[in-house]
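Below, each chain spelled out in residue letters.
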Amino acid sequence: RDSCVSDSSDSVISSGSDSEGQVYKVVLLGEQGVGKSSLARIFGGVEDGHDCDETGNTYDRSFEVDEEEASILLYDIWEQDNSQWLKEQCMRIGDAYIIVYSVTDKSSFEKASELRIQLRRARQSENIPIILVGNKSDLVRSREVSVDEGSACAVVFDCKFIETSANLHHNVRDLFEGIVRQIRLRKDSKEE
Ligand code: GDP
Ligand code: MG
């Protein structure tokens, strides 16, 4: 099986020790071109020269949310290659998922629904945190998906919803804080 995996994705999938506190694995899903890598680079602080551990398409960063340190390993590997194996790994490894579509592209919105269904199938009994993200909210004139459609979809799929603009860095921090809060909520309810 190893032969069909590149070195980087192999190390990506086996990494993630939690020796010093839990590292949450968050996976970006969504059609090509919706802005996953742009969001990931902002998260990783690549654009502001932040010293983050960027290994291929994963971004490792710790930040404070509600006065508590959180460590996230963000995977931007969904389109790394077209192997079914990698897609299945993506569906398995995440502690949480960010499903991205572009508000300027209706078909990416429909694809997001498909991904949500696939994810539910892959992780049936688990209550995994998911945030549905409508990116490119700055492109007002070419919008094809309204805020209402996005949030209605999130209600149906029982997940959180946020619109972002990677270009304007709008709501990007809120997105990643939101995913940390979701993970903590689910974790707390499990421990009770
Ligand atoms: P990916 O294929 O999902 O990783 O998408 P990318 O991050 O590579 O982005 C695809 C294209 O969309 C690039 O040209 C980005 O500059 C552009 N893009 C990404 N996010 C935004 C956004 O919020 N607003 C606008 N206007 N363009 C964006
Ligand atoms: Mg990309």
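How each quantity is defined
Residues numbered from 1 in each chain as written. Chains lettered and ligands numbered in written order. Predicted model: local features only at pLDDT ≥ 70, side-chain atom pairs only at ≥ 80, totals over all residues. Heavy atoms only, no water. Axes fitted to C-alpha atoms, helices over the stretch in contact; angles between N-to-C directions. Helix = DSSP H or I, 4+ residues; strand = E, 2+ residues; numbered from the N terminus. Parallel < 35°, antiparallel > 145°, perpendicular 65-115°, else oblique. Contact = heavy atoms within 4.5 Å. Nonpolar A, V, L, I, M, F, W, Y, C, P; charged D, E, K, R; others polar. Buried < 20%, exposed > 50% of the residue type's maximum accessible area, 1.4 Å probe, protein only. Pairing = 2+ DSSP bridges. Right-handed = clockwise from strand over helix to strand, strands pointing away. Arc of directions from axis to C-beta. Lys, Arg positive; Asp, Glu negative; His and termini not counted. Salt bridge = Lys/Arg side-chain N within 4 Å of Asp/Glu carboxyl O. Disulfide = S-S within 2.5 Å.

Q: What's the story with the packing of helix H4 (residues 106-122) against helix H5 (residues 147-156) in this structure? I'm lost.
A: Packed helices, taken two at a time, are described by the angle between their axes plus the distance between the axes. The contact between H4 and H5 brings their axes to 11 Å, and the two run at 10°. Between H4 and H5, the crossing angle belongs to the class labelled roughly parallel. Judged by residue contacts, Lys-106, Phe-109 and Ser-113 of H4 engage Glu-149, Gly-150 and Cys-153 from H5. Class assignment of the residues belonging to the contact of H4 with H5 gives a composition of 2 nonpolar, 2 polar and 2 charged.

Q: Can you walk me through the pairing of strand S6 (residues 130-135) in this structure?
A: For a regular strand, side chains alternate in direction, first toward one face of the sheet and then toward the other. For S6, the tally of buried residues reaches 6 of 6 residues, placing the bulk of the element in the interior. Alternating positions in S6 separate into two faces, Ile-130, Leu-132 and Gly-134 on one and Ile-131, Val-133 and Asn-135 on the other, with burial throughout. Two elements, strand S5 (residues 96-102) and S6, share 6 bridges in a ladder whose sense is parallel. Bridge pairing links Ile-99 to Leu-132 in S6. Bridge count for S6 against strand S7 (residues 160-163) is 4 bridges, and the pairing is parallel. Bridge pairing links Ile-131 to Lys-160 in S7. As for the winding sense of the linkage, the β-α-β connection from S6 through H5 to S7 is right-handed.

Q: When you look at H5 in this model, what are you seeing that I'm missing?
A: Every α-helical turn comprises 3.6 residues, leaving residues that sit three or four positions apart pointing alike. Along H5, the residues that are buried comprise Gly-150, Cys-153 and Ala-154. Seen end-on, H5 carries its buried residues on one side only, within an arc spanning 100°. Away from its buried face, by an angle of more than 90 degrees, H5 presents the exposed residues Asp-148, Val-155 and Val-156. On its buried side, H5 packs onto S5, H4, S6 and S7. Immediately beyond the C-terminal end of H5, within one or two residues, lies Asp-158, with a positive phi of roughly 55°.

Q: For this particular structure, what's the right way to read the side chain of Arg-184?
A: Mapped onto the secondary structure, Arg-184 falls in helix H6 (residues 172-191). Of the side chains with opposite charge, Glu-68 comes closest to the buried, unpaired Arg-184, at an N-O distance of 4.1 Å. Every residue in contact with Arg-184, bar those within four places of it in the chain, is listed here: Val-65, Asp-66, Glu-68, Glu-69 and Ala-70.

Q: Would you mind going over the environment of Glu-64 with me for this structure?
A: Looking at the secondary structure, you find Glu-64 in strand S3 (residues 58-65). Sequence-distant contacts of Glu-64, defined by excluding residues within four places in its chain, comprise Glu-69 and Arg-173.

Q: Before we go on, may I ask you to explain the pairing of strand S4 (residues 68-75) in this structure?
A: For S4, the buried fraction is high: 6 of the 8 residues fall into the buried class. In terms of strand pairing, strand S1 (residues 23-30) meets S4 through 5 bridges, oriented parallel. Looking at S4, one finds that Tyr-24 is bridged to Ile-72. Turn length for the S3-S4 hairpin, with the two strands adjacent in sequence and antiparallel, is 2 residues, and the turn residue Asp-66 shows positive phi of about 55°.

Q: Sorry, what's going on with the pattern of salt bridges here?
A: Pairing is possible between side chains of opposite charge, provided their charged atoms come close. As enumerated under the stated definition, the model contains 8 salt bridges in all. Note that Glu-163 is salt-bridged to Arg-143, the shortest N-O span being 2.8 Å. Residue Glu-163 is located in strand S7, and its partner Arg-143 is located in the loop between S6 and H5; the two are separated by 20 residues in the primary sequence.

Q: I keep staring at the state of the cysteines and nothing clicks. Help me out?
A: Every disulfide links exactly two cysteines, by a covalent bond between their sulfur atoms. Tallied over the full model, the rule gives 0 disulfides. We note that Cys-159 lacks a disulfide partner, and the nearest cysteine sulfur, in Cys-153, lies 6.7 Å from it. Residue classification places Cys-159 among the buried residues on the basis of a relative accessible area of 16%.

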